[in-house]
Amino acid sequence: MNELAQNIPPAGLSLDEQRLDPAVALSSIDESAPREPHRQFALKHEDCFIVSDAYGDIRGSGDGLFRDDTRVLSHFRLLIGGRTPSLLGASLSQDNILFTANLTNLPLKLPDGPDLRQGVLHIERTRFLWQERMYERLTLSNYSGRPLRIPLRLEFDVDFRDMFEVRGSTRSRRGRSYDAETVPDAITFRYDGLDEVVRHSVVAFSRSPDDLSRAHTEFSVPVAHRAREVLYIEVGKEHAVPDRERFRAAAARARWAMRTKRRLGATVHSSGRVFNDWLTRTRADISLLTTDLATGPYPYAGIPWFSTAFGRDGVISALQMLWLNPGLARGVLAFLAIHQATETAPFSDSEPGKIMHETRKGEMAVMRELPFARYYGGVDTTPLYIYLAASYAERTGDLAFVDRMWASLCAAAGWIEEACARNADGFLTYKRAADSGLSNQGWKDSADAIFHADGRIPPGPIALVEVQGYVFAAFQGLAGLATLRGEEERAAHWQGLAEKMRDAVEDRFWMEEQGHYALAIDGDGLPCQVKASNAGHLLYVGLPSRERAARLSEQLLAGSLYTGWGIRTLAETELPFNPMSYHNGSIWPHDTAICAAGLARYGDRDNVVKLMSGTFEAAVHFSMRLPELFCGFTRSPGEAPVAYPVACLPQAWSAGSAFMLLQACLGLKVDGWKGEIEVTNPRLPIGIDNLEIRHIRVGDASVDVVFERVRDRVVCYLDRRHEGMAPLIVRS
C-alpha cells in the first residue's frame, strides 16, 4: 500500500508523496465530469492563481481561486435557465492574461414566454487576475428574434482550504468559519485561521441580483433582440463595486505588466509559423509563472500544486533560459541566497549552508502541521545552486555579483563537503531527518521512485547518480570562479574534489554489461542496477568519458527509453515500469531536454534534433503547452501522446525545455568573460529553414544572430554588431 492510501496524520504526508499514484489523484476529481488536464485553464498573478474548466466553472475538487496557498473560491458555476450552457470553445490570450469561454444555451423553458430553442444566446465569459483579485465579464447576446429575460444563476462557495488539504491531507482541527454576510450586490465569507490570520473572500456583482443566498445568486437579465447585456463580477479580499471602467483599467494594467515581463531577454523568430506559436506560448508561460519578488524575478514551479518558489525547479528553469535571459538566474540566485539555511533543524531538514527546496505561506505550513513553510529536503538543490552561479558568471562575466554571492557559495560548498564526508565513497546522500519530510529527495521524489532491479526499496542514505554529477559540476564551477578571484589554493582544492567525484562515479556507478550508470547506491553500498533517465544528466555536466558517453547515449535513444515523444524516466525493461506512473516510465519534458543538452555537449547534435522534433510534435498535440509530464507510451502512427491525469499545466521547467532543446540544436554559447558568441556545429529544427535570435546581450552589446539552412548545412552570422563587439566564433 502506498503512503497516500494509509491513514497517516497530516505531518506524515508530504505533497510530493501525494503525487505518487495517478489513480489516487483521479479519485479526488469529480467523476461525473472527467476533464483532461490540458483542457483546464489557469491564470496567475503573483501569489494568486485560478484553475477552472473550459466553461470557466470551478467544480472539480482541485479547481479554485487560490491566494497565498489558501483556496478563496472553491465552487463557481454558471447556469442558464437552470442548465449548464453548451461549450462552443475556450482559449487563453497569447499573453496568458485573459481567459475566454464562448458558450450558448441548451433548449430552455422560460417562465415568461415560449420555449427557447438551442443556440440563440451567446454567452461570453472573460476573466483575468490582477493584484489578488479575480475580474470577470459576463456578456449575454440575444439572437432569438425577440426580447428576452434570461434567467441566470451563479453558484459559488468558499472553503478556505489550505493547498495541502485540497491535495488530500486531513486535519484534526481547523479555524473558525463565519456565516456569510450579504449586502444587495455582494456576499462576504470570513475564516479566522489557527495561524491568527483573518481571511476574507468577497464575491461582488455590478448589478443587484434578484436573489442572493449563501450558495448562489440569481438574475433575470432583460436583453433586447440583437442586443447584449453585461454583468461584471469581482472576487477579492475587500468589497468593491465592479463596473466596466474597473474591468478595463485593471485589464490594461495586467497586460502592460505581462508585456514588460515578456520583453526581458532575447527573443526567437523562425520561418516556421507553428514553431513560432509554440515558442511564443512557451515564453508566455514562463512569464506567467515568473513572480517579481523583492530579490528579483523568480519562476514559480507550476500550477496548481506548485505555484510557489521551489529551489530545484527555479534553478533548472533559470539554466534553461540562461542563454536568452540571464536576469532570471540572477533573481533565482539572490532569492535562494537569502533563504540559505543557517541552523540544523530535523523538522525542516535544514543544515547550515543548505539551499531551500520549497517555501509555503498557507495555514498548515505556518502552524507546522507540515514542514514546508521553508523546507530544505532536496539533496540536489545545493549543488545545482552553485552550478547555476558559475554558469551565470560565465554567461554574463558579472564577477561583481559573484563577489556578493561568494560567502553563500562557500557555505553551500561547505555543506556539500561535510555531507559527502559522511559517505564511505565520498558521495552526496540523503535520508530524511524527520518522518514528516520527503522520503526521496532528488527530482524523482515520489516514494516509489528509487528501487533495486528486483523492486526492493533500498535502505538509506541513498546516493543518486545525477546528484553526484551536479556535485562534480558545482566543484568544477567553483574552481573556475576561485581562479578568477585569485584564490588559487581554493581553486585547486575544489578542482581536486571534482576529479575525485568523477573517478568515484565512474568506478561505482558504471554498469559495464548494460552500458549504463546505476540509478543510485543505497545505504549498504549496493548499486541500484536500474536503467533510468537520471544517468543522462551526467552527460549534461560532462562527467562521463567519451567512450562511456557514447554507450550511454545509445541506451537513452534505444526503444526501451526513447518513445518517439521523448525519453522515459524508466526503461520499459525494468520491473516497476508503468508508462502511466509519475516517475517510473512517464515522460518529463525537462528531463528529455537535459539529456538532449548532454548529447549536444558530446557532439551528437543530430539526435538532439530528433528529440527536439518529438518534443515539438508532442507540444502541438497539447495545444502548444507542454505539461509537467505525460504518459510514456511508445509513439504510434496517427496517435497523440497520452496525457497524465493530474499534471501541472503550465509548469516552468516544462516550458523552459523548449529553449534548452533549441540551444542544444543551435550549439550556441555566450562567453561573458571573452565577450564572444560561440556556435559549434549548428543544426536547425526539422522544417525550419531560418531562425533569428534577436537582441541577445553580450556584455554591453545587443546583437542579432541568424541561422540559415543552405542545402545540407546550416550557416550562422551576426545580423547586427555593435562597435567593439567581439566576433562570432563558429566551429564545425
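This text follows the structure it describes.
Treat the numbers as computed from the prediction; the structure is a model and nothing was measured.

Conventions we followed
Residues numbered from 1 in each chain as written. Predicted model: local features only at pLDDT ≥ 70, side-chain atom pairs only at ≥ 80, totals over all residues. Heavy atoms only, no water. Helix = DSSP H or I, 4+ residues; strand = E, 2+ residues; numbered from the N terminus. Rg over C-alpha atoms; globule rule 2.2 N^0.38 Å. Buried < 20%, exposed > 50% of the residue type's maximum accessible area, 1.4 Å probe, protein only. Contact = heavy atoms within 4.5 Å. Areas by Shrake-Rupley, 256 points an atom, 1.4 Å probe, with all protein chains shown as cover. Lys, Arg positive; Asp, Glu negative; His and termini not counted. Charge placed at Lys NZ, Arg CZ, Asp CG, Glu CD. Salt bridge = Lys/Arg side-chain N within 4 Å of Asp/Glu carboxyl O. Core = buried A, V, L, I, M, F, W, Y, C linked by side-chain atoms within 4.5 Å. Expected span 1.5 Å × (residues − 1). Pairing = 2+ DSSP bridges. Axes fitted to C-alpha atoms, helices over the stretch in contact; angles between N-to-C directions. 1 Å grid on protein atoms, 1.4 Å probe; cavity = no way out; pocket = protein on both sides within 12 Å on 5 of 7 lines; lining within 4 Å. Points joined across faces, edges and corners; volume = space filled by probe spheres on them. Phe/Tyr/Trp six-rings, centres within 6.5 Å; stacked < 30°, edge-to-face > 60°. Lys NZ or Arg CZ within 6 Å of the ring centre and 35° of its normal.

### Here's the deal with the overall build of the protein
Right, on to step 1. Summing up its helical and strand segments, the protein has 17 helices and 33 strands in all.
Right, on to step 2. A compact globule built from 732 residues would reach a C-alpha radius of gyration of about 27 Å, and the protein, at 27 Å, matches this within 12%.
Right, on to step 3. Along the first, second and third principal axes, the C-alpha atoms of the protein reach 85 × 60 × 50 Å.
Right, on to step 4. Here the protein holds 732 residues, and 61% of them are scored as buried.
Right, on to step 5. In the protein, once contacts between residues fewer than 6 apart in sequence are set aside, the share between residues at least 24 apart is 65%.
Right, on to step 6. Here the protein displays about 27000 Å² of accessible surface, and carbon together with sulfur accounts for 48% of that area.
Right, on to step 7. Computing the positive centroid from 83 side-chain charges and the negative centroid from 93, the protein places the two 6 Å apart.

### A short note on the pattern of salt bridges
When the charged atoms of two side chains with opposite charge come close together, those side chains can pair.
Right, on to step 1. Inspection of every chain in the model, using the stated rule, returns 47 salt bridges.
Right, on to step 2. Taking the shortest distance from any N to any O, the salt bridge between Glu136 and Arg125 comes out at 2.9 Å. Taken together, the positions of Glu136 in strand 9 (residues 134-142) and Arg125 in strand 8 (residues 121-129) put the pair 11 residues apart, joining distant regions of the chain.
Right, on to step 3. Looking at Glu136, the relative accessible area reads 1%, which means it is buried.

### Digging into the nonpolar core
Right, on to step 1. If you look at the biggest cluster of nonpolar residues, it comprises 171 residues, and the most contacted ones within it are Trp278, Leu668, Ile677, Leu691, Ile693, Val705 and Phe707.
Right, on to step 2. Ranked by size, the runner-up nonpolar core spans 46 residues in total, among them Phe41, Leu152, Val223 and Ile233.

### Section: helix 15 (residues 589-601)
Right, on to step 1. Here helix 15 contains 13 residues, and its C-alpha end-to-end distance of 18 Å stays within 8% of the 18 Å for a straight helix at 1.5 Å per residue.
Right, on to step 2. In terms of burial, helix 15 is a largely internal element, 12 of the 13 residues being buried.
Right, on to step 3. Taken residue by residue, helix 15 has Pro589, His590, Asp591, Thr592, Ala593, Ile594, Cys595, Ala596, Ala597, Gly598, Leu599 and Ala600 as its buried positions.
Right, on to step 4. Looking at the buried positions of helix 15, the neighbouring elements they touch are helix 6 (311-321), helix 13 (536-541), helix 14 (546-556), helix 16 (605-621) and helix 17 (652-666).

### Structural notes on the sheet that holds strand 3 (residues 64-67)
Right, on to step 1. The sheet built from four strands is open, its strands ordered 1-2-3-4 with antiparallel pairing. Edge strands, defined here as strands with exactly one partner in the open sheet, are strand 1 (41-45) and strand 4 (70-73). Geometrically, the sheet is characterised by an average inter-axis angle of 25° between neighbouring strands, direction not taken into account.
Right, on to step 2. Looking at chain direction, strand 2 (residues 48-52) and strand 3 are connected through four bridges and run antiparallel. Paired with Phe49 across the two strands is Phe66, which belongs to strand 3.

### What to know about the sheet that holds strand 5 (residues 75-80)
Right, on to step 1. Strand order in this open sheet of four strands is 5-10-16-15, and the pairing throughout is antiparallel. Two strands bound the open sheet, and with one partner strand each, they are strand 5 and strand 15 (211-212).
Right, on to step 2. Of the strand pairs in this sheet, strand 5 and strand 10 (residues 148-157) are connected by six bridges, and their pairing is antiparallel. Directly across from Leu78, in strand 10, lies its bridge partner Leu154.

### Comments concerning the pairing of strand 16 (residues 216-223)
Right, on to step 1. Of the pairings in the sheet, the one linking strand 10 to strand 16 comprises eight bridges and is antiparallel in character. Within strand 16, the residue paired with Leu154 across the bridge is Thr217.
Right, on to step 2. Summarising the sheet, strand 15 and strand 16 pair through two bridges and their orientation is antiparallel. Residue pairing across strands places Leu212 opposite Thr217, the latter belonging to strand 16.
Right, on to step 3. Hairpin connection from strand 15 to strand 16: three residues lie between these consecutive antiparallel strands.

### Overview of empty space enclosed by the protein
Right, on to step 1. One pass over the full model with this rule turns up nine cavities of 30 Å³ or more.
Right, on to step 2. Considering only enclosed or pocket space, the second largest cavity measures out at about 120 Å³ in volume.
Right, on to step 3. In terms of lining residues, the second largest cavity is bounded by Lys261, Leu264, Arg283, Ile286, Ser287, Thr290, Asp292, Pro297, Met321, Asn325 and Leu328.
Right, on to step 4. Contributing elements (two or more residues each) for the lining of the second largest cavity: helix 5 (273-289) and strand 19 (290-293).
Right, on to step 5. The leading source of residues in the lining of the second largest cavity is helix 5, at three residues.

### A look at the packing of aromatic side chains
Right, on to step 1. What the rule picks out here adds up to 27 aromatic pairs.
Right, on to step 2. Measuring from ring centre to ring centre gives 5.0 Å for Tyr298 and Phe335, while their planes differ by 65°; the resulting arrangement is edge-to-face. In this pair, Tyr298 is assigned in strand 20 (residues 296-299) and Phe335 in helix 7 (residues 326-338), connecting sequence segments 37 residues apart. Here Tyr298 matches Phe335 in class, with each residue buried.
Right, on to step 3. Joined through ring pairs, the aromatic side chains of Trp443, Tyr582, Trp588, Tyr644 and Trp653 make up one cluster.
Right, on to step 4. Positioned over the ring face of Tyr178 is Arg190, at 4.3 Å from the centre of the ring.

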